[in-house]
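Letter by letter, the chains look like this.
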Amino acid sequence: MAEIIKPDGSRQTVAPKRGKRFKLDELQAIVGGYIEIIALPNQYIMVLNEEGKLKHLPSNAAATALARGTIAGSDFIVGDVLVCASKEVS
């Protein structure tokens, strides 16, 4: 099951609206713009706003902690993110 993690730490379980996989338009709506995908352990991915830092979106501490080890030591995640199994994205 996929989960949206918001900058305030809240989490919301979501499912693809059309079938078993999230489509590009759904991903863009969740993160609020162009998407970037980060690989996480165990065949999971994190989908985030590619321009989030340029748009000064709020820092997402929970998502940053989840991505630690995958992102550079001082890097951080901003904005709403989607975490799901890689097979849930087409």
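See above for the structure.
Computed from a predicted structure; not experimentally measured.

What to know about the pairing of strand β1 (residues 2-5)
Remember that side chains alternate between the two faces of the sheet whenever the strand is regular.
Move 1: Bridge count between β1 and strand β2 (residues 11-14): four bridges; the pairing is antiparallel. Counted as the bridge partner of I4 is Q12 from β2.
Move 2: Where β1 folds back on β2, the antiparallel hairpin that results is connected by five residues, among which G9 adopts a positive phi of roughly 90°.
Move 3: One ladder, built from three bridges, connects β1 with strand β5 (residues 81-85); its direction is antiparallel. The residue of β5 that forms the bridge with I5 is V81.

Some remarks on the sheet that holds strand β4 (residues 44-49)
Move 1: Across the sheet, five strands lie side by side as β2-β1-β5-β4-β3; this open sheet has antiparallel pairing. The open sheet has two edge strands, β2 and β3 (35-40), and neither has a second partner. Between one strand and the next, the sheet's axes are offset by a mean angle of 25°, whatever the strand orientation.
Move 2: Bridge analysis of β4 against β5 gives four bridges, and the strand direction is antiparallel. Bridging from a neighbouring strand, I45 pairs with C84 of β5.

Remarks on the nonpolar core
Move 1: One finds A2, I4, V14, F22, L27, I30, V31, I45, V47, L82, C84 and V89 forming the largest nonpolar core, which totals twelve residues.
Move 2: Those elements giving two or more residues to this core turn out to be β1, α1 (24-31), β4 and β5.
Move 3: In terms of residues, this core owes the most to one element, α1, which gives three residues.
Move 4: In terms of nonpolar packing, the next biggest core, distinct from the first, is built from eleven residues, L40, M46, A63 and I71 among them.

Cut-offs used in this document
- Residues numbered from 1 in each chain as written.
- Predicted model: local features only at pLDDT ≥ 70, side-chain atom pairs only at ≥ 80, totals over all residues.
- Heavy atoms only, no water.
- Pairing = 2+ DSSP bridges.
- Helix = DSSP H or I, 4+ residues; strand = E, 2+ residues; numbered from the N terminus.
- Axes fitted to C-alpha atoms, helices over the stretch in contact; angles between N-to-C directions.
- Core = buried A, V, L, I, M, F, W, Y, C linked by side-chain atoms within 4.5 Å.
- Buried < 20%, exposed > 50% of the residue type's maximum accessible area, 1.4 Å probe, protein only.

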